[in-house]
Amino acid sequence: MRYNLSGINPMETVYLNADVAVVGASLGGTIAALSAARQGCSVLLFEETDWIGGQLTTQAVPPDEHAWIEQFGCTASYREYRNRVRASYRSHPFFIDALKTRSAFCPASSTVSRLSHPPRLALRILNEMLGPHLDNGRLQIHYLTRLEGVTSGNDAIRSITMRCGDRRLVVTANCYLDGTDTGELIAESGAAYTTGAESRAQTGERLAPERANPADMQPATWAAAVALMPGGDFVIDRPAEYEYFHRLKVPYDDVPLLSMYGPDSRTGRAKRFGLFDGERGADGKPLFALWSYRRIVCAANFRDGYEPCDATILNWPQNDYYLGNLFESADAEEHVALSKQLTLSLLYWLQTEAERPDGGRGWRNLKLCPDLMGTEDGLAKAPYIRESRRIRSLFPVTAEQIAEEGALSPDFSDSVGIGSYPIDLHITTATHTFLYRPSRRFRIPLGALLPERYTNLLPACKNIGTTHLTNGCYRLHPVEWNVGEAAGLLAAYSL
């Protein structure tokens, strides 16, 4: 037993050892632990919140997938996950038969995903997949645990120290995997990494800026779950920073941030969105409906009033937090708090000021849904981090290799997976630029997972060796899952 110097609370030190230690139960981190355990390794998984699953769960991002996902383009375990989601609805007594009988259906009829569903269901299925390995003791999960320190030497990690309440966990393993969405283990270990935008000279990418800017990252978004209740008044308290965000204009046009406008990558200006299906613009053309975009519960897909109302995720262009970075900056904690305030301010504006088609103002029956998020306030447990610290790898993936107009072949000889998604950069935090470019279907090169020097450290999620640009297409659910699975298998293989 060891005691801290304050003399207030005893600090217990526990020593743990395993074949593989995974720091961070992001989506990739969770699957890395699963794949290593499936190979017979003893695995320790550490998570700062009380849920595993990252994008799917703690960050509440419905699966964003490519156009061919129903036929091919993912690993067998990701296919298993998708099948389990649909099986849970097929066995639901109130889910409509018209969808149950289809081979493929979106449970929430969303437009962003072919498999949109609530974070709690995602958590349940991931726990079921991990269950056999938890039962036999091969896998241990330590929740509410954060990285406190790393001991390194001779280009290898010797041990890590985790803090869990009044316990300090000193962990030794043969292989260490970074499953954090911000690359915390990579940074603490002393391994080389990159943040923000590289210059054109550094990467050879035609779309890269002339000058590097490590602080110019994609925005984080603190999501919230809201339902459109049939009646009632659920207006939240006026957020503390509401006036600040209410006065703010978007940097790419003369329109308020709190509005139905968002960035249009084709024009570089603002474009008008609708809230619900069927709304039309001044020109009579249909508007893109934000409500059904990330909908996670569709009441029409259940019979007998089982689900009384729709629910959706507030993760829209209007609450992309572009005013600063939530990590790798001196004022990161302030930006974390402000990113929450932005989402609450957007909700308050929707409840009280948004223009309705009938000429009225505000949707006072929009209600936060803590039950869907596993939180007291209805906001996600963690912010959605689009762009992590990225390890400097033996083979960095550049836009020239995967962009549609690129000259090189994306058929990497050391491929450990495949994916497809456009190069999609949301408005960045320093230069406030945004970009959307088609990409070819691409592979995941093993070299992007291998650090320049370290011999027992692997990235396991969005922290692989991509660039600022290619992070924009390697960050989505099927690819992050694939990266995590490959990292876990590589750790097991190396042992």
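So, here's what we can say about the structure. None of the values given here were measured: they were computed from a predicted structure. (Residues numbered from 1 in each chain as written. Predicted model: local features only at pLDDT ≥ 70, side-chain atom pairs only at ≥ 80, totals over all residues. Heavy atoms only, no water.)

### Section: unusual backbone geometry
Moving on, step 1. Unusually for a residue other than glycine, Ser-109 sits at a positive phi of about 50 degrees.
Moving on, step 2. With respect to the helices, strands and loops of the structure, Ser-109 is situated in the loop between helix H3 (97-100) and helix H4 (119-135).
Moving on, step 3. What makes Ser-109 partly exposed here is its relative accessible area of 29%.
Moving on, step 4. In this structure, Leu-144 is a non-glycine residue whose phi angle is positive, near 50 degrees.
Moving on, step 5. Here Leu-144 lies in the loop between strand E4 (139-142) and strand E5 (146-152). (Helix = DSSP H or I, 4+ residues; strand = E, 2+ residues; numbered from the N terminus. Buried < 20%, exposed > 50% of the residue type's maximum accessible area, 1.4 Å probe, protein only.)

### A word on the sheet that holds strand E12 (residues 295-297)
Moving on, step 1. One open sheet holds the four strands; their spatial order is E12-E13-E9-E14, and the pairing between them is antiparallel. Two strands lie at the open edges of the sheet, namely E12 and strand E14 (366-368), each paired on one side alone. Adjacent strand axes in the sheet meet at a mean angle of 35 degrees, parallel and antiparallel pairs treated alike.
Moving on, step 2. Strand contacts of helix H9 (residues 332-352): strand E9 (224-228), strand E13 (311-314) and E14, with the helix running at about 155 degrees to E14, the strand carrying the most contacts. (Pairing = 2+ DSSP bridges. Axes fitted to C-alpha atoms, helices over the stretch in contact; angles between N-to-C directions. Contact = heavy atoms within 4.5 Å.)

### Details of the nonpolar core
Moving on, step 1. Val-43, Tyr-81, Leu-177 and Tyr-474 are the most contacted members of the largest nonpolar core, which has 67 residues in total.
Moving on, step 2. The greatest single-element share of this core, amounting to eight residues, is contributed by helix H13 (residues 477-494).
Moving on, step 3. Each residue touching Tyr-474, except ones within four places of it in the same chain, is listed here: Val-397, Ile-402, Phe-412, Phe-442, Arg-443, Ile-444, Pro-445, Ile-464, Thr-466, Val-479 and Glu-480.
Moving on, step 4. Counting residues in hydrophobic clusters, the runner-up holds 58 residues, among them Ala-225, Tyr-252, Phe-276 and Ala-380. (Core = buried A, V, L, I, M, F, W, Y, C linked by side-chain atoms within 4.5 Å.)

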